[in-house]
Amino acid sequence: MSNELVTDVSAEAFARKLAHARSLPWFHALYPRILEVQGLADLHRLPVLAVEDESGGGLFSALGEASHRAPGGGLTLTSGGSTGNRKQISHSWAFNAAIVPLGARMFGVTDERPESVINCLTAGEMQGAFQYASAIVQHIGARLLPAGSQMGVQRVAELIQTHKADALICTPSFAAALFNHETAGLGSLKWLYYIGEPSSKTLRDQLARDWPALKIRSLGYSSTETGPIGFQCAHLEHGFYHLHADAMLLEVVDPLTLQAVAEEQTGEFLLTPLLPDHVPLLRYRIGDRGRVLRTVKKCACGSSMPVLALEGRVESSIKLGGALITQSQVLHVLRQLLPGLNAT
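These numbers were taken from a predicted model, which means no experiment stands behind them. (Residues numbered from 1 in each chain as written. Predicted model: local features only at pLDDT ≥ 70, side-chain atom pairs only at ≥ 80, totals over all residues. Heavy atoms only, no water.)

S.K.: For the sheet that holds strand β10 (residues 240-243), give the residues involved together with the corresponding values.
M.R.: Within the open sheet, the 7 strands sit side by side as β8-β9-β10-β14-β13-β12-β11. Their pairing is antiparallel. Every interior strand has two partners, whereas the edge strands, β8 (221-223) and β11 (248-253), have only one. Averaged over neighbouring strand pairs, the angle between their axes works out to 45° when direction is ignored. Summarising the sheet, strand β13 (residues 284-293) and strand β14 (residues 307-313) pair through 6 bridges and their orientation is antiparallel. Note that in β14 the partner of Leu293 across the bridge is Val307. (Pairing = 2+ DSSP bridges. Helix = DSSP H or I, 4+ residues; strand = E, 2+ residues; numbered from the N terminus. Axes fitted to C-alpha atoms, helices over the stretch in contact; angles between N-to-C directions.)

S.K.: Hey, could you go over the side chain of Ser199 for me, with residue numbers and the actual values?
M.R.: Mapping Ser199 onto the fold places it in the loop between β6 (191-194) and α8 (201-210). Here Ser199 falls in the buried class, since its relative accessible area comes to 5%. Contact partners of Ser199, with chain neighbours within four places excluded, come to Pro172, Tyr194, Arg204 and His238. (Buried < 20%, exposed > 50% of the residue type's maximum accessible area, 1.4 Å probe, protein only. Contact = heavy atoms within 4.5 Å.)

S.K.: Outline a nonpolar patch on the surface, supporting the account with residue identities and numerical values.
M.R.: The grouping of Val330, Val333, Leu334, Leu337 and Leu338 at the surface amounts to a nonpolar patch, some 430 Å² of accessible area in total. Along the polypeptide, Val333 turns up in helix α9 (residues 327-337). (Patch = residues over 30% accessible without salt bridge, like charges linked within 9 Å, V, L, I, M, F, W, Y side chains within 5 Å. Areas by Shrake-Rupley, 256 points an atom, 1.4 Å probe, with all protein chains shown as cover. Salt bridge = Lys/Arg side-chain N within 4 Å of Asp/Glu carboxyl O.)

S.K.: Break down the state of the cysteines for me, citing the residues and quoting the values.
M.R.: Counting across every chain of the model gives 0 disulfides. Cys120 carries a free sulfur, and the closest cysteine sulfur to it, the one in Cys170, is 6.3 Å from it. Unpaired in this structure, Cys299 has its nearest cysteine sulfur neighbour in Cys233, at a distance of 3.6 Å. (Disulfide = S-S within 2.5 Å.)

S.K.: Which residues make up helix α7 (residues 172-181), and what values do they have?
M.R.: Turning to α7, its buried residues are Pro172, Phe174, Ala175, Leu178 and Phe179. End-on view of α7: buried residues confined to an arc of 155°, all on one side of the axis. Its buried side turned inward, α7 meets α6 (153-163), β5 (167-170), β6 and α8. (Arc of directions from axis to C-beta.)

Structure, rendered in structure tokens:
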């Protein structure tokens, strides 16, 4: 898909998203400025959405409640927030079906085709990664071993050996536990796909040293709230992803002013999913920082989707005198002292 076609598809998808938002009377009350948004250039007029903000994440909570009431059912998941202020959101069944082909894009035209995949992500507990990964395995036509994360590394190693599993899907911490304790029986593994947490350089270096034939790759850059954001093809290094530009709008902004940064500069990510869903999620603050590499026109994998560099989390809190002070708390006080900040 060419860059021009991706841009056209994104504009059309955003127009549909905007029409959906305007058709919901309750949405007008939450986003009174939605009527000022005529196209992509006006998106900045809308407030930033976050699980937790100076108002306690009231806007996200209202959207979550609306998603639970939407007709047609769906999958309710717990947000991945790390602040303890976890909330739930429901995604339509159509949304859940649409994200699977996006997740499978990581295989693309490569000859990387696992035949027997063991899924060691956490099943249940209001999380969606296990189900999402399993659906990707089905989509590529591989055999699935749904082990989960609670089976224990010895039993997992026995399953891998018995079924000659050639691919493992798990979190990096599970991979560390498995490869540090059970070296026997893992020889059939060719690929390790991780998701759910960052993979440390220490772990990657260790596996490269001890298991040089094992190829390690992210299963994708995604979040519970937005769905898939990007995919890592076989030609991209750790931390780099192709943006699903036909399904996700990405803004890169200064974390304090929320103004757009210069091209290819590092900033905080704001995300607007374009796939149809129960509720419109606009300008979602995921808490990650990075940049978009506009100079990369076409990857060796054949994709012309933009490449983004994920550079870590936004520094949003510090400890002072034993107390945890968050960025949102500081901004809340500043807005009370300087009302002009509310206009930014």
